[in-house]
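# Coordinates in review
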Amino acid sequence: MTGHAVDEIEVDYFDGISARPLPARLRREGRRLWIEADGLRRELDRATVDWPERRTHGARVAHLDDGASLQARDAAAWDTFVRAAGLGESWIVRAQQNWRATAAAALLLIGVLIGGYLWGLPLASRAVPVMIPGRIDSAIGEAAWSGIEGRWLMPSRLPPADQQRLRDAFARAVERAWPEAQRPAYELRFHRSRIGPNAFALPGGTIVATDELVELLKDRDDVVVGVLAHELGHVRERHGMRMLVQVTLLGTITAAAFGDFSTVLAGAPALLGQLAYSRDAEREADAESARVLRAAGIAPSVMVEFFERMNGWRRSDEGRRQGADVDPGIAFSSHPADAERIAYFRNAPAP
């Protein structure tokens with residue numbers, strides 16, 4: 001093909017019906033293309049051909065408007081033929097062939113993904129719930145409640161007088177912490193459970209304290225108030241809805257990237273129930289707990305006792321058994337009693 005390398009190349013022609021290729025020549029004359037083979041002579045306008053992008057590896061296959069296709073036998077000769085035909089490459093194709101540009105694009109993509117995960121998703125999780133009415137939180141909370149009632153929670157065996165004493169103590173603390181118009185709505189429920197000493201909040205304002213938690217802190221109503229105030233902080237900041245928004249956005253982005261939308265909607269409720277609260281959400285709830293305790297005239301440092309007793313329970317035979325066998329992922333005890341949180345309550349200003 002010397003002297004004709006840019007005007008004529010050898011190709012395999014597929015007619016779109018048979019899987020057997022027909023050896024052919026692709027010849028260029030101005031804007032016209034000719035496909036010539038034994039028993040075949042076909043004229044084309046080059047604009048009617050779907051030309052593939054140039055790439056370092058892989059077959060070059062051009063598709064014709066009637067379903068037929070052309071496959072290059074020599075990739076280098078094909079690329080030379082296409083350039084000589086005046087089919088210029090876009091800057092994207094040229095960049096793809098440049099390792100420096102590819103590396104820069106990869107680094108930029110990684111930076112965008114990291115920035116979006118660290119700042120974009122949390123920002124969106126705060127902004128989107130503002131546009132969602134509170135009744136949606138309640139609906140989600142009711143759906144979550146139907147999934148855990150009976151499975152994880154049973155009717156409480158606490159004496160009604162003990163329940164009322166704790167309800168009154170918490171209500172007094174809440175009344176002192178906020179003016180009436182600003183108090184977050186909540187419903188406090190006590191339940192015997194299979195999850196050990198725990199408290200958790202559902203979207204919409206339902207706060208659950210287990211009998212086992214009250215038993216663990218039976219001589220420390222002030223600590224129980226602090227635990228419940230932490231959960232009310234989750235309600236007030238709408239952490240459940242924020243985490244659902246964040247998980248949904250992350251799942252949608254991941255599905256779009258990998259082409260699998262089948263598990264996004266199905267997995268969101270499970271993620272809502274099992275995903276640990278973010279560190280920032282825990283800090284916000286801890287700050288609300290400390291504020292409510294101070295408003296009630298209680299030193300926030302009393303919460304250190306909660307962490308110490310929880311750590312002791314986890315090391316007990318019952319704690320090891322329940323910790324290994326049961327992990328609903330929504331309870332307060334699933335959040336690690338780490339040194340940062342203990343130090344926060346120990347050093348928080350007293351009333």
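See above for the structure.
Residues numbered from 1 in each chain as written. Predicted model: local features only at pLDDT ≥ 70, side-chain atom pairs only at ≥ 80, totals over all residues. Heavy atoms only, no water.

## Structural notes on the sheet that holds strand S1 (residues 8-14)
Applied cut-off: Between any two strands, pairing holds if DSSP finds at least two bridges. Numbering goes from the N terminus for both helices and strands, where a helix is a DSSP run of H or I of at least four residues and a strand is a run of E of at least two. Angular values range over 0 to 180 degrees, each being the angle between N-to-C directions of two axes fitted as lines to C-alpha atoms, with helices fitted over their stretch in contact. Contact criterion: two residues are considered in contact whenever any of their non-hydrogen atoms come within 4.5 Å of each other.
An order of S4-S3-S2-S1-S6-S5 is seen for the six strands of this open sheet, with the pairing classed as antiparallel. Of all the strands in the sheet, the pair left with one neighbour each is strand S4 (40-45) and strand S5 (61-63). In this sheet, adjacent strand axes meet at a mean angle of 30° when their direction is disregarded. Seen against the sheet, helix H1 (residues 75-84) touches S1, strand S2 (22-29), strand S3 (32-37), S5 and strand S6 (69-72) and runs at an angle of roughly 105° to S1.

## A look at the sheet that holds strand S9 (residues 199-201)
The strand order across the open sheet built from four strands is S7-S8-S10-S9, with neighbouring strands paired in mixed fashion. With partners counted over all chains shown, the strands left at the sheet margins are strand S7 (153-155) and S9, one partner each. Sheet twist, expressed as the average angle between the axes of neighbouring strands with direction ignored, equals 40°. Bridge count for S7 against strand S8 (residues 187-193) is three bridges, and the pairing is antiparallel. Looking across to S8, one finds that Leu-153 is bridged to Ser-193.

## Comments concerning unusual backbone geometry
What is expected of a backbone is that most residues other than glycine have negative phi and most peptide bonds are trans. The following threshold applies: The buried label goes to any residue with under 20% of its type's maximum accessible area, the exposed label to any with over 50%, and the partly exposed label to all in between, with areas taken from a 1.4 Å probe on protein chains only.
Even without being a glycine, Arg-238 presents a positive backbone phi close to 55°. Within the secondary structure layout, Arg-238 lies in the loop between helix H7 (221-236) and helix H8 (239-258). You can call Arg-238 partly exposed: its relative accessible area is 22%.

## Focus on helix H10 (residues 279-295)
To keep things clear, this is the line we draw: An expected span of 1.5 Å times one less than the residue number is assigned to each helix.
In this model, H10 (17 residues) spans 24 Å end to end at C-alpha, consistent with the 24 Å of a helix rising 1.5 Å per residue. Within the sequence span of H10, burial applies to Ala-281, Glu-282, Glu-284, Ala-285, Asp-286, Glu-288, Ser-289, Ala-290, Val-292 and Leu-293. Looking one or two residues beyond H10, the residue adopting positive phi is Gly-297, at roughly 80°.

## Considering the packing of aromatic side chains
What counts here: The criterion for an aromatic pair is that two Phe, Tyr or Trp rings (for Trp, the six-membered ring) have centres within 6.5 Å, with stacked assigned to planes under 30 degrees apart, edge-to-face to planes over 60 apart and tilted to the rest. In this analysis the charged atom, NZ for Lys or CZ for Arg, is taken to sit over a ring once it is within 6 Å of the ring centre and within 35 degrees of the ring normal.
Enumeration over the complete set of coordinates arrives at four aromatic pairs. Considering the side-chain rings of Phe-306 and Phe-307, the 5.4 Å spacing of their centres and the 65° angle between planes classify their relative orientation as edge-to-face. Of the two residues, Phe-306 and Phe-307, both sit in the buried class. In this structure, Arg-41 is placed above the aromatic ring of Trp-34, and the distance from its NZ or CZ to the ring centre is 4.0 Å. Across from the ring centre of Trp-145, 4.3 Å away, lies the NZ or CZ of Arg-189, which sits over that ring.

## Details of a nonpolar patch on the surface
Quick reminder of the rule: Residues forming no salt bridge and having over 30% relative accessible area are the ones grouped into patches, like charges within 9 Å of each other and nonpolar side chains (Val, Leu, Ile, Met, Phe, Trp, Tyr) within 5 Å. Per-residue and other accessible areas were derived by the Shrake-Rupley procedure at a 1.4 Å probe size, with only the shown protein chains allowed to occlude residues. The term salt bridge refers to a pairing of a side-chain nitrogen on Lys or Arg with a carboxyl oxygen on Asp or Glu at a separation within 4 Å.
Taken together, the side chains of Leu-107, Ile-110 and Ile-114 define a hydrophobic patch exposed on the protein surface, amounting to about 300 Å² of accessible area. Along the chain, Leu-107 turns up in helix H3 (residues 99-130).

## Remarks on the environment of Arg-236
Examined against the element boundaries, Arg-236 turns out to sit in helix H7. For Arg-236, a relative accessible area of 35% gives the class partly exposed. Between the alpha carbons of Arg-236 and Gly-204 there is a distance of 9.4 Å; along the sequence they are 32 residues apart. With residues up to four places along the chain from it excluded, the contact list for Arg-236 reads Trp-178, Pro-184 and Glu-288.

Nothing here speaks to function; it is all geometry.
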